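# Structural characterization, general
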Amino acid sequence: MTSPDSVQAQEHGNTVSTSGGISTNASQGREGSTERHDFDCIIIGAGHNGLATGLVMARNGQRVLLLEKNDFVGGMGGTRAIFKDCRNEVGASCLFPLSAEIKAYFDFEAHGVELLPLPVMAVNLVGAQGRPLIFFKNPVKLSLNMLRQFGPGAMLGFARFLKFCQYPARVLDRFTARKAPRKLEELIAEAGTPAQREHLELAFKGSAMDIIDRFFPDPIKHRELRASMAFAAVQATYKGPYTPGSGLCLIYTMAQEGSEGLMQRVKGGLGSLSECLAQQIEALGGEVRLKQPVTRILVENGRAVGVETKRGQRIYAPTIVSNLDKQATFNRLLADFPLGVDDQARVDAFTHQGAFVHMLFKLRGLPRYSRHLDKLNHIPGARFGGAMVLEPEELQRSYERCLRGEMPDQVPLAFQIPTVVDPSLAPQGYHIASAYGFYFPCEAPKSERGKLRDLMAEKLIDHIALHMPDFPDLIVDQAIFSSDHFASMQGVTNGDWTHGLLHPDQMIGERCLVEGTGHTTPLPGLYLCGASCHPGPGVTFLPGYNCAHEILAAAAHSGNSDADHDDLSAASAAPAPATRAA
């Protein structure tokens with residue numbers, strides 16, 4: 001079994017990865033050295049949002065430096081070798097639809113990225129004898145299969161459910177670029193009619209089951225649909241499906257960009273997207289330095305002016321951008337710089353919990369579904385992945401056990417076998433698989449969490465084996481990452497990959513620190529560009545893209561669209577609505 005601790009040791013060793021041809025420039029991290037205004041912008045963290053910020057800035061003539069603590073780019077959307085001769089994703093794994101503006105701006109496919117369609121996007125399963133809920137890419141096949149499996153009532157309920165989600169999804173506004181978000185309460189208050197206001201109150205403050213019960217009321221006929229929708233509502237929140245506020249996560253998950261509500265794989269792993277951006281930044285004269293952890297943001301005369309790395313090197317620039325979450329940025333990198341009382345309270349109020357484990361597997365063959373599900377073995381792409389979920393009542397009990405520091409009786413999970421569509425990720429004859437299991441008791445005493453993590457791994461494999469009996473025998477190697485590992489590997493508070501859970505009181509405008517802006521902070525010279533900003537988590541590139549445009553627009557607003565050093569210094573003190581840059 002591959003130990004996550006050994007993976008971390010590799011990341012912090014002496015060998016620097018050059019995957020994708022990225023220049024690491026590690027030699028420039030001289031201990032105790034100083035670089036003063038060699039750059040216009042320093043970005044802390046080369047996750048996909050940090051890279052998005054960097055590329056927009058570089059395309060607009062800015063000299064950009066990205067400093068990344070790990071030996072790979074992409075952060076929780078990166079790809080690396082965990083198992084011998086494999087490419088693995090520790091974090092995000094599928095690409096959901098990008099906004100039209102993001103697709104046009106970055107044009108990944110024109111820069112060598114290959115996107116792989118999924119004929120079957122997911123197969124969701126409930127219990128050993130449950131009916132498979134198959135999400136075909138083809139909408140006609142999806143509808144016909146739902147009709148055959150679950151009847152006309154379920155098919156109609158699903159269509160009505162999707163329609164119900166459309167209005168609050170527009171209010172959440174997940175896919176609009178270069179727009180500062182407003183507070184949720186203001187948006188609800190502005191609803192045009194009492195019925196619309198009630199609609200938004202239910203969607204954002206009610207529980208997921210308040211919504212699901214409306215469209216799938218029969219616990220027997222609609223069992224699989226109820227369980228699948230309940231599971232969709234709790235993966236990015238620290239709630240159960242019956243807990244008030246979980247409806248927002250359900251709406252967020254179901255929000256679609258136009259008619260492209262489809263997910264895809266990226267050939268070579270999701271990290272190929274970030275590697276593509278890093279290469280473009282360097283081609284424009286920017287730098288991406290790996291294995292360069294930042295330990296401190298430097299403040300002079302009440303503004304951010306630079307960073308200090310773990311090696312003691314100080315690097316200065318008029319604009320500093322953090323791709324970390326708010327608490328990691330202000331309570332760790334700015335621990336010696338006190339914010340105002342109100343600003344600090346807002347930072348500390350964000351809830352960060354990572355109630356999950358992430359498992360990776362190397363397999364010596366492709367597992368088969370059980371006899372009960374044999375037809376899935378003959379549907380092209382049906383073994384790619386999906387979810388193995390619990391009925392909503394049991395999912396709620398699992399959440400309540402998690403709050404008490406206890407394990408769930410059975411682990412609900414999302415799983416993938418990406419080599420079904422991309423054999424390049426593993427040697428010939430082998431497959432890789434991954435699974436996210438919930439609810440890991442992340443608030444249990446730290447001394448107990450290692451044992452609980454290993455027990456969670458056993459329960460997770462047992463659940464997979466319920467539907468794929470040969471899965472355990474095919475395991476060649478495995479690794480398990482808890483939220484504690486995500487905290488140390490990626491620097492995220494409490495291992496929370498959302499950078500602030502999808503709770504009503506910390507979404508949309510509440511995700512911002514300076515009202516009327518999306519990324520400006522109370523500390524002049526410092527911006528945030530990660531998932532802690534609107535629209536939040538997911539590989540959308542929007543937080544990073546929007547942040548760069550906010551910086552450039554503010555600089556232009558200060559009097560010079562060329563955005564030289566002085567303009568960028570003034571920009572953080574004079575935020576302006578974003579406009580489209582180059």
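Here, the structure is the one placed above.
Residues numbered from 1 in each chain as written. Predicted model: local features only at pLDDT ≥ 70, side-chain atom pairs only at ≥ 80, totals over all residues. Heavy atoms only, no water.

Moving on, we get to a nonpolar patch on the surface. On the surface, Val 140, Leu 144 and Leu 147 cluster together into a nonpolar patch covering about 240 Å² of accessible area. Take Val 140: it is sitting in helix H4 (residues 139-150). (Patch = residues over 30% accessible without salt bridge, like charges linked within 9 Å, V, L, I, M, F, W, Y side chains within 5 Å. Areas by Shrake-Rupley, 256 points an atom, 1.4 Å probe, with all protein chains shown as cover. Salt bridge = Lys/Arg side-chain N within 4 Å of Asp/Glu carboxyl O. Helix = DSSP H or I, 4+ residues; strand = E, 2+ residues; numbered from the N terminus.)

Let us now look at the pairing of strand E2 (residues 41-44). With burial as the criterion, each face of E2 is covered, one bearing Cys 41 and Ile 43 and the other bearing Ile 42 and Ile 44. In the classification by handedness, the crossover that spans E2, the intervening helix H2 (residues 48-59) and the parallel strand E3 (residues 64-67) is right-handed. Bridge analysis of E2 against strand E12 (residues 319-322) gives four bridges, and the strand direction is parallel. Within the sheet, the bridge partner assigned to Ile 44 lies in E12 and is Ser 322. (Buried < 20%, exposed > 50% of the residue type's maximum accessible area, 1.4 Å probe, protein only. Right-handed = clockwise from strand over helix to strand, strands pointing away. Pairing = 2+ DSSP bridges.)

A few words now on the sheet that holds strand E14 (residues 385-389). Read from one edge of the open sheet, seven strands run E6-E5-E14-E15-E16-E13-E17, paired in mixed fashion. The open sheet has two free edges, formed respectively by strand E6 (133-136) and strand E17 (475-482), since each of these has just one partner strand. Between one strand and the next, the sheet's axes are offset by a mean angle of 15°, whatever the strand orientation. Contacts between helix H15 (residues 446-467) and the sheet are confined to strand E5 (120-126), strand E13 (356-363), E14, strand E15 (413-416), strand E16 (431-438) and E17, with E13 contributing the most and set at about 60° to the helix. Those strands touched by helix H17 (residues 483-490) are E13, E16 and E17, and its axis lies near 75° from that of E17. (Axes fitted to C-alpha atoms, helices over the stretch in contact; angles between N-to-C directions. Contact = heavy atoms within 4.5 Å.)

The next thing to look at is the side chain of Asn 49. Looking at the secondary structure, you find Asn 49 in helix H2. A polar contact of 3.4 Å, which involves the side chain of Asn 49, links it to the side chain of His 48. (Polar contact = N/O pair within 3.5 Å; in protein donor to acceptor, adjacent residues only side chain to side chain.)

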